[in-house]
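# Fold and contact review
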Amino acid sequence: MTLYSFCFLLFAFTWNTSAYGPNQRAQKKGDIILGGLFPIHFGVAAKHQDLKSRPESVECIRYNFRGFRWLQAMIFAIEEINNSPTLLPNMTLGYSIFDTCNTVSKALEATLSFVAQNKIDSLNLDEFCNCSEHIPSTIAVVGATGSGISTAVANLLGLFYIPQVSYASSSRLLSNRNEYKSFLRTIPNDEHQATAMADIVEYFRWNWVGTIAADDNYGRPGIEKFREETEERNICIDFSELIAQYLPEDQLQQVVKVIQNSTAKVIVVFSSAPDLEPLIKEIVTRNITGRIWLASEAWASSSLIAMPEFFHVMGGTIGFALKAGQIPGFREFLQKVHPKKSANNGFIKEFWEETFNCYLPEGNKNHFGAAAFHKGHEENAAGNGTAAFRPPCTGEENITSVETPYMDYTHLRISYNVYLAVYSIAHALQDIYTCTPGKGLFTNGSCADIKKVEAWQVLKHLRHLNFTNNMGEQVDFDESGGLIGNYSIINWHLSPEDGSIVFEEVGHYNVYAKKGERLFISEHKILWSGFSKEVPFSNCSRDCQPGTRKGIIEGEPTCCFECVECTDGEISDETDASACEKCPENFWSNENHTFCTPKQIEFLSWTEPFGIALTLFAVLGIFLTSFVLGVFTRFRNTPIVKATNRELSYLLLFSLLCCFSSSLFFIGEPQDWNCRLRQPAFGISFVLCISCILVKTNRVLLVFEAKIPTSLHRKWWGLNLQFLLVFLCTFVQIVICVIWLYTAPPSSFRNHELEDEIIFITCNEGSLMALGFLIGYTCLLAAICFFFAFKSRKLPENFNEAKFITFSMLIFFIVWISFIPAYASTYGKFVSAVEVIAILAASFGLLACIFFNKVYIILFKPSRNTIEEVRCSTAAHAFKVAARATLRRSNVSRKRSNSLGGSTGSTPSSSISSKSNHEEPFSLATPAEQPHGCKQKVSFGGGTVTLSLSFEEHQKNAVAGRNAKHRNSLEAQNSDDSLRRHKALLPLRSSDPLVIEPNAQSLSSPDTNTQESVAGETPQEAQNLEEEPPPLSATYLRDFVDCDSIIENAVHS
């Protein structure tokens, strides 16, 4: 009883699902039945159900010619398979196709019929139900169209593992195998399409777009994927709206208002044609033009939107379309359709009426009545009729004479996907049919029975399907149950012939290519807004020109920016650059910041005016030093040259040559070798020079401050010791340089930080401390030399150049003290220039002060380059010392006499003539009498002493001199002892003024008496003078002046 009751219920359900009636389905018997779901209508009529009576099924409205063509593609494929001798031989495929009316409710209603039939077969109730006509179960379903509808159908079919192969549902949500177990499709998912749309926006450099999506499982995931892609490409979305086919009027108006007020000129739409149609109609009504529509595949070629009356708004639309396929014989099959020849297709009657705008009477009756009138009126109200009353159809109408989307077979895209879906199921059945036991896909390699095949078995084979289609392409479903395919890019043009819209292919998108090479567009084929060749502008801000970058505006999207000029050292060589690129290290930006130019390289060059001037001065110094050296070599045996220590002078001049030459190492491009050479060369050269001056000055000072030189002095102050001291002083500097070069050697350095546009090639000294030691040691020697020279400033000037050395040392210190702040405050090539100037200034100072006076005397005053000049100067100094000592003692003796007896003693006679300030002058000899003499006038505190010496009379008066010596032997002896005891050769004290006047008058006789006025002495000096009177005879002075040891020592000094 239970089984009979269940049979009755299923029969009632089956009867209920057949409420479509025979004219609302396409059905054909066969051994295996395939189900089909197609949108023969675009929607259903709105009808309020008040539930006061039994609810009625809603009516489908607005015929879809493309949907009917897709249905015909399924029937054509099944007929072709049934007629094939190789594919499923001895097997007949049947079909059961329903109209979804593009709604979920109608699709589920049809799906329930598939499930119910399968359930009856699985229960095997035929013997109990005693069904008069057995209908085989549906083992697979082809459909549906929209992703939202397919989602609902997949949820139901998946419960029973009935395979569903969709031809147009591209939502990426359907790739979830866990949720949609039995879903497969012959169309690529929207993930690739969304990426392709973002690539197009980026290709045309748009960054300000709006988005519209259908509020279903197709539009929302698609636009979400597009948004993810735009974020990676820095594309901003101005607005994002959701739409639906039955969107309330107020919400529809709000969406239109947003579009109208938006500054975005490019609108990306992920929607089906029925969902988008109400919005487009309202936009056309408001005449909102100037927008570029980027269409998804679902409506890019839809006849519902691509209408000539919409072209002024939708013209120039860029859309995606599936790759077109070829179906041989399909064109003829479409043309053969006729109500009388297609008894199995219940949709042909309505198709015929909509195509020719007529009506076919029911059966053979020829009456129209009220039903015919009512039907014609409703269809006219729906927009499908052209008159209030449709005429009857004759049945002789020619299908090719009417232009409808049904006959648009030039680009078979969805139709080919339907064709491919049917063949996929057929090949899965073929695999079952040809399966060899032991090699099957089921347990223990078993195979399914083709006569009793079940839906889940077909699903198993579909997942492992692999075959070649009629176009030679390999077909196999991936892990998500889809096929990877390419897209064609189409542009809406207006046909000049008939005014219809033409889908011009302007590019393609290759999913298999690597990123960045997938998109290809022929821009010359595109017509923007239907007629323009200029790419529209859809950016929030104007493009930034090369040399600028995009700057963020606070509170605005990143696509709304201001153009900011690139900073120095950065460039942008492209339009609308996001950031400026930094130039390489050796380059700098040009004035417009559009490209990098090589930086100017700067150093103290040989060719620049400054470098040439310094080089000329260095060469001049070398030339002058060489000239002086040549003069000294030429006149090496003259008294002046001998008196200046000839060998040390040569070494000094050589060191000056090195100083001038070392300055040349600072000119030219710095390299490692000259960087390591120039500072040591400069330091060693100057130390050698200063050492020579120091040894020379110190030797003369010691000679004149010592007692009468002995052979011991000559031994220790010979040339060997002098050169040894010079070497030791120089060796210290050499050690400093060696340590410097070993621990931190200088090297060439490219400085990029001082100035942006210039690279300064300088020498990195390695260690500033080492440089400080090098210069500091040189200055230390110079300070010691200055001390000795200053102390020797009152020694005989014709013999010792102490004053000139003092001046040279002053110049040296001024130069190098000025060098320190100048060196620290300059940079780049001027560092080298400052050091070169310091070297040249110091070198010229030394050369001029020490040697120019001597060269002048040698070349232009040869009369002064005599032994007499040298001896005169030396003797004058000795006389000053001796006279001062004698006068002091006389002064002490006079004071003593005055203190004892109050009388004034007579002054001892001597060969020195003096005069007091109150006495008359002595008689003077005529100049003729003293042709080769020298005069020295000595002023003391209490008087003036004038000395006149004649060296030409020395030989003539030798005998007289010896007699005078004999007569005054006692006086000479006393005087000589006095000189020894009081060190007559010591320099004068600073408290005793000394004035030398070469032009003073000489005395007529060396034996005249002198009167001296001497200042006071210390008590100890008075005691010494009391013990030994200080007589000073002319004979002794003459002998002192002629003393060979003094003269020879002086000359060799």
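Going by the annotation in an unreviewed UniProt entry, the name recorded for the protein is Extracellular calcium-sensing receptor, with Eublepharis macularius given as the source organism. Under the Sequence similarities (unreviewed entry) heading, UniProt states for the protein: "Belongs to the G-protein coupled receptor 3 family." Its UniProt record gives the protein a comment under Subunit (unreviewed entry), which states: "Homodimer; disulfide-linked. Interacts with VCP. Interacts with ARRB1."

### Notes on the sheet that holds strand S7 (residues 164–166)
The strand order S1-S5-S2-S6-S7-S8 describes an open sheet built from six strands, whose pairing is mixed. Each end of this open sheet is capped by a strand with a single partner; those strands are strand S1 (25–28) and strand S8 (183–185). Sheet twist, expressed as the average angle between the axes of neighbouring strands with direction ignored, equals 20°. Strand direction decides the pairing type here: strand S2 (residues 32–38) and strand S6 (residues 138–142), joined by four bridges, are parallel. Its bridge partner lying in S6, Leu34 is registered against Ala140. In the packing of helix H2 (residues 65–82) onto the sheet, the strands contacted are S1, S2, strand S5 (93–99) and S6, and the crossing angle to S5 comes to about 175°. Those strands touched by helix H5 (residues 147–159) are S2, S6, S7 and S8, and its axis lies near 165° from that of S7.

### Points about the state of the cysteines
As enumerated under the stated definition, the model contains nine disulfides in all. Here Cys435 pairs with Cys447 through a disulfide, and the sulfurs are 1.8 Å apart. Between Cys435 and Cys447 the disulfide shows an S-S torsion of about -60°. By sign, it is left-handed. Residue Cys435 is located in the loop between helix H14 (414–433) and helix H15 (455–463), and its partner Cys447 is located in the loop between H14 and H15; the two are separated by 12 residues in the primary sequence. Looking at Cys659, it has no disulfide partner, and the nearest cysteine sulfur is the one in Cys689, 5.2 Å off.

### Things to note about the sheet that holds strand S16 (residues 487–494)
Judged by pairing direction, the sheet is mixed, and its eight strands sit side by side in the order S10-S9-S11-S12-S13-S16-S17-S18 without closing on themselves. The open sheet terminates on both sides in strands that have one partner only, identified here as strand S10 (236–243) and strand S18 (519–521). Strand-to-strand twist across the sheet, computed as the mean angle between neighbouring axes with direction ignored, equals 30°. Bridge count for strand S17 (residues 501–509) against S18 is three bridges, and the pairing is antiparallel.

### Things to note about the pairing of S5
Across the seven residues of S5, seven count as buried, placing the element largely inside the fold. Where burial is concerned, the two faces of S5 agree: the one with Leu93, Tyr95, Ile97 and Asp99 and the one with Gly94, Ser96 and Phe98 are both buried. Note that S1 and S5 share four bridges and pair antiparallel. Residue pairing across strands places Gln27 opposite Ser96, the latter belonging to S5. Here seven bridges tie S2 to S5, and the two strands are oriented parallel to one another.

### Looking at the nonpolar core
The biggest cluster of nonpolar side chains holds 102 residues, and the ones touching the most others in it are Phe38, Met74 and Leu429. Here this core takes 13 residues from H14, the largest share from any one element. The contacts of Phe38, once residues within four sequence positions are left out, are Gly67, Trp70, Leu71, Met74, Ile97, Phe98, Asp99, Thr100, Cys101, Val142, Tyr167 and Val418. Leu688, Ala770, Met809 and Leu847 belong to the second largest nonpolar core, which has 64 residues in total.

### Topic: the environment of Gly845
With respect to the secondary-structure elements, Gly845 resides in helix H24 (residues 829–860). For the pair formed by Gly845 and Phe804, sequence separation is 41 residues and the distance between their alpha carbons is 9.9 Å. Every residue in contact with Gly845, bar those within four places of it in the chain, is listed here: Ser808 and Ile811.

### A short note on the pattern of salt bridges
Under the definition given, this model contains 16 salt bridges. A salt bridge links Lys28 to Glu79, with the nearest nitrogen and oxygen atoms 2.7 Å apart. Within this pair, whereas Lys28 is found in strand S1, its partner Glu79 is found in helix H2, the two being separated by 51 residues in sequence. With relative accessibility at 23%, the residue Glu79 sits in the partly exposed group. In this structure, Lys514 engages Glu517 in a salt bridge whose closest nitrogen and oxygen atoms are separated by 3.7 Å. Assessed through its relative accessible area of 52%, Glu517 is described here as exposed. When salt bridges that share partners are traced, they join Glu191, Asp199, Glu202, Lys225, Glu229 and Arg233 into one network.

### Observations concerning the side chain of Thr730
Relative to the helices and strands, Thr730 is located in helix H21 (residues 719–743). For Thr730, a relative accessible area of 8% corresponds to the buried category.

### Concerning helix H16 (residues 609–634)
For H16, which comprises 26 residues, the first-to-last C-alpha distance of 37 Å matches the rise-based estimate of 38 Å (1.5 Å per residue) to within 8%. Among all positions in H16, only Gly611, Leu614, Thr615, Ala618, Gly621, Thr625, Val628, Val631 and Phe632 are buried. Those residues of H16 hidden inside the fold are in contact with helix H17 (639–643), helix H18 (646–662) and H24.

### Focus: the environment of Arg413
By the element assignment, Arg413 lies in the loop between helix H13 (369–381) and H14. In contact with Arg413, not counting residues within four places along its chain, are Ala321, Leu322, Lys323, Ala324, Ser488 and Ile490.

### With respect to unusual backbone geometry
Each neighbour pair has its own omega, and for Gly143 with Ala144 the value is 0°, a cis peptide bond. For Ala144, the position within the fold is in the loop between S6 and H5. The phi dihedral of Leu88 is positive, around 50°, even though this residue is not glycine. Mapping Leu88 onto the fold places it in the loop between H2 and S5. The exposure class assigned to Leu88 is buried, which follows from its relative accessible area of 3%. Phi is positive for Asn444, which is not a glycine, with a value near 60°.

Rules used in this analysis
- Residues numbered from 1 in each chain as written.
- Predicted model: local features only at pLDDT ≥ 70, side-chain atom pairs only at ≥ 80, totals over all residues.
- Heavy atoms only, no water.
- UniProt positions renumbered as here; feature names shortened; annotations may be inferred.
- Pairing = 2+ DSSP bridges.
- Helix = DSSP H or I, 4+ residues; strand = E, 2+ residues; numbered from the N terminus.
- Axes fitted to C-alpha atoms, helices over the stretch in contact; angles between N-to-C directions.
- Contact = heavy atoms within 4.5 Å.
- Disulfide = S-S within 2.5 Å.
- Buried < 20%, exposed > 50% of the residue type's maximum accessible area, 1.4 Å probe, protein only.
- Core = buried A, V, L, I, M, F, W, Y, C linked by side-chain atoms within 4.5 Å.
- Salt bridge = Lys/Arg side-chain N within 4 Å of Asp/Glu carboxyl O.
- Expected span 1.5 Å × (residues − 1).

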